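Residue-level listing of the chains:
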Amino acid sequence: DDFLRHDDDDRNDYSYGDDYYSNSDTERQTLPVRVETSFHEYLLNQLGMLDLDERSRQIARQIIGSIDEDGYLRREASAIVDDLAFGQNIYTTVEEITDIIHKIRQFDPPGVCAWTLQECLLLQLRRITPQTQEIKNAIAIIEKYFNEFIKKHYDKIQRHLNLTDEELKQVIN
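Residues numbered from 1 in each chain as written. Predicted model: local features only at pLDDT ≥ 70, side-chain atom pairs only at ≥ 80, totals over all residues. Heavy atoms only, no water.

**Student:** Just give me the short version of helix α5 (residues 94–104), but keep the residues and values in it.
**Tutor:** All of the buried residues along α5 are I97, I100, I101 and I104. For α5, the arc enclosing every buried residue in end-on projection is 110°, short of the 170-degree limit, so these residues lie on one face. The inward-facing, buried residues of α5 abut α3 (54–65) and α4 (77–88). (Buried < 20%, exposed > 50% of the residue type's maximum accessible area, 1.4 Å probe, protein only. Helix = DSSP H or I, 4+ residues; strand = E, 2+ residues; numbered from the N terminus. Arc of directions from axis to C-beta. Contact = heavy atoms within 4.5 Å.)

**Student:** Summarise unusual backbone geometry; cite the residues concerned and give the values.
**Tutor:** With omega at 0°, the peptide bond leading from D108 into P109 counts as cis. By the secondary structure assignment, P109 is in the loop between α5 and α6 (117–127). The backbone phi angle of N89 is positive, close to 60°, even though this residue is not glycine. Note on placement: N89 falls in the loop between α4 and α5. A positive phi is found at N162, a non-glycine position, where the angle reads about 55°. Relative to the helices and strands, N162 is located in the loop between α9 (154–161) and α10 (165–172).

**Student:** Just give me the short version of the pattern of salt bridges, but keep the residues and values in it.
**Tutor:** Counting across every chain of the model gives 9 salt bridges. Across the salt bridge formed by R74 and D68, the nearest N and O atoms sit 2.5 Å from each other. Among the residues examined, R74 registers a relative accessible area of 52% and is labelled exposed. Close ionic contact of D155 with R159 constitutes a salt bridge, the shortest N to O distance being 4.0 Å. (Salt bridge = Lys/Arg side-chain N within 4 Å of Asp/Glu carboxyl O.)

What follows is the structure in structure tokens.
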């Protein structure tokens, strides 16, 4: 009261009455709650779509836990076999791990669970539909001429695949 006099117009700019406070509990209950899902949780949620027994599900969880935030699998299959044997007393093979990795590679985002950039790009390209000639050429470049591609030796690629300038430009795009 020392700061505001009864004739001070500024105090009417703010509403501090009972009406404001009485609605606050209701507003808190109706406001949407933002739930953040981590990348690994996002992958684990997709795991539910696979028809796996509990043992295979545990193996898949171990694989997903080995994927970094960029989506790459940073452990070799043989290391995952060891991780499971020593950490969870689950005995498996490189073949079983590889089979489950291939299933996880079908998850979103496209390219997830790849060991290398080359694999990641191929996983992404193979998901594109329809498989146009440009996509087929892009796959051929990444499969056969990946080193030339990353070094931007486009002239070599163009010669080897017999592509026109326009075809090469479309493939690179």
